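Listed below, chain by chain, are the residues.
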Amino acid sequence: GNFNSYSEANLRTYSLYRYTQTEFYVQDSWRASRRLSLEFGIRFYSAPATHDIRQFLTTFLPSMYDPKTAAVMYRPGIDPATNRRAAIDPRNGAVAPVTYIGLFVPGSGNYAPGMAIGGKGAPDGLYTTPFSVAPRFGFAYDPQGNGKAAIRGGFGMFYDRPQGNVYSGTVGQPPVSYNPTVSFGNLDTFIQATGVVGPPGVTVVQSAQQPLPMTMNFSLGVQRELGFRSVIDVSYVGSLARHLIIQRNINSIPMYARFDPNNIDSTTRSPLPDNYLRPYLGMGTINMRSFDGTSNYHGLQVSANRRMTNGLQYGVAYTWAKTLGVSNADFGGVSVYFPVRQQNYGPLGYDLRHMLVLNYNWELPALGKKLDNKVVGAVLDNWQLSGITTFMTGTPFTPGFSTSDGQDITGSQEGARSTVIGDPNVPKSQRTFFKNFNTDAFARTPQRSFGNAGIGILRNPAWNNWDISVSKRIPWKGEERYFQLRGEFYNAWNHTQFSGYDTTARFNPAGQQINANFGALTGTRDPRKIQLSLRLMF
């Protein structure tokens, strides 16, 4: 019944979320002339933050933090009675088990300095939102007045409330709930034990007035009828996203803090645990979510479409675009030591520079009907071929690295990137299965450096895919009832579609790259899949 350690939350927290959102708008359509139409609109948003009626949401308020009230942490030291490493109360030299190093001395102060509860010291929803206004405008112009061409454009602002999991991790943290640990106890007595806690690592939302996440969409395009029931569309399309939710650790240790001789644990000759080095002592990691992320999309979009005529319909769409931003998704972590624009801005993980998509639907000629031959018609008539063919460039990535000796490169809580010493790209003609980019262009980042590799400097493999469907309609007792025999072929030609590379270099202490697989292909997309069906339609 003896145990080394036991930990359990002192309270189970279940939140009940509520919000009331109100929107209203004004819109007007004006046909200025026979050739020009205008659209005007404006939308208003009142979207307050969600709140928890049980008041279990928590956040950190720097203005409330007072280091004088923070609980005292046990320090590493030597037990004079045993001459062994132990936890020492720095106030009076009292000795505790070595596992208590870095934990709070019971009753020595505030276990969550600076933390506040939504509705008790912080806004109900942890943050507030302003009343927001979103104008929209659009136009359509027929330059020739014959309905065969059109110039269209528009601009609009669109707001939305953050997704609900903006609060994920903020529920049930100190001071609402604690997770005390009991060390070296027994099942007969652990219920009576109080346990000890350490500096809490928390996830919080910045408690201030936060603008609603917003996008500004705009476009300008020309559409023209080509004849043959076909239309071509050439457009410039853009989208700017602002006030996206990003996350940064505001309680990160100072840059190079682990290299400072003053931060050495005298009992181990290693750096002290990070919780002794943070600016907000008494708190662990504080991952604060704020509404200051950005992204933007700009694209040239060209499409040509033919309506179903004489049994043939097709569409071709090509996009040349660029998508840049500071984070691939909500709550993406950003640098705490460098300006976000400098360190995190670049091609996003879903940036596809080139994409060509073709779709088609062809009703094959009914030879049996033309030859007036029922036998030929039973075999060759009522067939339909359709499909989607896609060609696209690969997504961006930034090669990383590791070391065989495990050296601390930055002495900080932010890791280092690779050091680029040459052009990492190689011509397509020189690529092999095992070498798809210039692996010699990367070097081991020296200590006290964060590397110089940019965001998304290389691309994963390009992709092309053919999905084809073949079906035959078999009439049965009239036209209203029929069987449909259908075969669907995904990746119809079953050619290998590579999906990624080994993107992590590994360096030994001499700076030699020792990962033989670095730069090699490592994954594939799905092989061919075939789906067959027979349906009775009536």
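Residues numbered from 1 in each chain as written. Predicted model: local features only at pLDDT ≥ 70, side-chain atom pairs only at ≥ 80, totals over all residues. Heavy atoms only, no water.

## Comments concerning the side chain of Thr403
So, step 1. In this structure, Thr403 sits in strand β27 (residues 400-403).
So, step 2. Residue classification places Thr403 among the buried residues on the basis of a relative accessible area of 11%. (Helix = DSSP H or I, 4+ residues; strand = E, 2+ residues; numbered from the N terminus. Buried < 20%, exposed > 50% of the residue type's maximum accessible area, 1.4 Å probe, protein only.)

## Considering the layout of surface pockets
So, step 1. Its boundaries defined by the atoms lining it, the largest pocket holds a volume of some 600 Å³.
So, step 2. As for the largest pocket, its lining consists of 25 residues, and the residues nearest its centre are Arg431, Asn460, Pro461, Ala462 and Tyr501.
So, step 3. Elements with a contribution of two residues or more to the lining of the largest pocket: β25 (383-392), β30 (458-459), β31 (463-475) and β33 (498-501).
So, step 4. For the lining of the largest pocket, the class distribution of residues is 12 nonpolar, 10 polar and three charged. (1 Å grid on protein atoms, 1.4 Å probe; cavity = no way out; pocket = protein on both sides within 12 Å on 5 of 7 lines; lining within 4 Å. Points joined across faces, edges and corners; volume = space filled by probe spheres on them. Nonpolar A, V, L, I, M, F, W, Y, C, P; charged D, E, K, R; others polar.)

## Comments concerning the packing of aromatic side chains
So, step 1. A full pass over the atoms with the stated rule returns 31 aromatic pairs.
So, step 2. Here the aromatic rings of Phe433 and Phe434 are separated by 5.1 Å at their centres, their planes lie at 75 degrees, and the arrangement is edge-to-face.
So, step 3. In this structure Phe433 comes out as partly exposed when scored by relative accessible area, which is 40%.
So, step 4. Phe434 sits in the exposed class, given a relative accessible area of 55%.
So, step 5. An aromatic cluster is built from Phe397, Phe437, Phe442, Tyr501 and Phe518, whose rings are joined through pairwise contacts.
So, step 6. Of note, Arg161 hangs over the ring of Tyr19, and the distance from its end group to the ring centre comes to 3.5 Å.
So, step 7. Note that Arg448 overlies the ring of Tyr256, its terminal NZ or CZ placed 5.2 Å from the centroid. (Phe/Tyr/Trp six-rings, centres within 6.5 Å; stacked < 30°, edge-to-face > 60°. Lys NZ or Arg CZ within 6 Å of the ring centre and 35° of its normal.)

## Here's the deal with the sheet that holds strand β8 (residues 84-88)
So, step 1. As summarised here, the arrangement of the three strands in space is β7-β8-β9, forming an open sheet in which the pairing is antiparallel. The open sheet has two edge strands with one neighbour each: β7 (75-79) and β9 (95-96). (Pairing = 2+ DSSP bridges.)

## Points about the sheet that holds strand β10 (residues 115-118)
So, step 1. Strands sit in the order β6-β10-β11 across an open sheet of three strands; the sheet is mixed. Of all the strands in the sheet, the pair left with one neighbour each is β6 (58-60) and β11 (121-122).
So, step 2. When β10 meets β11, the two strands line up parallel, connected through two bridges. Bridged to Gly118 within β11 is Ala122.

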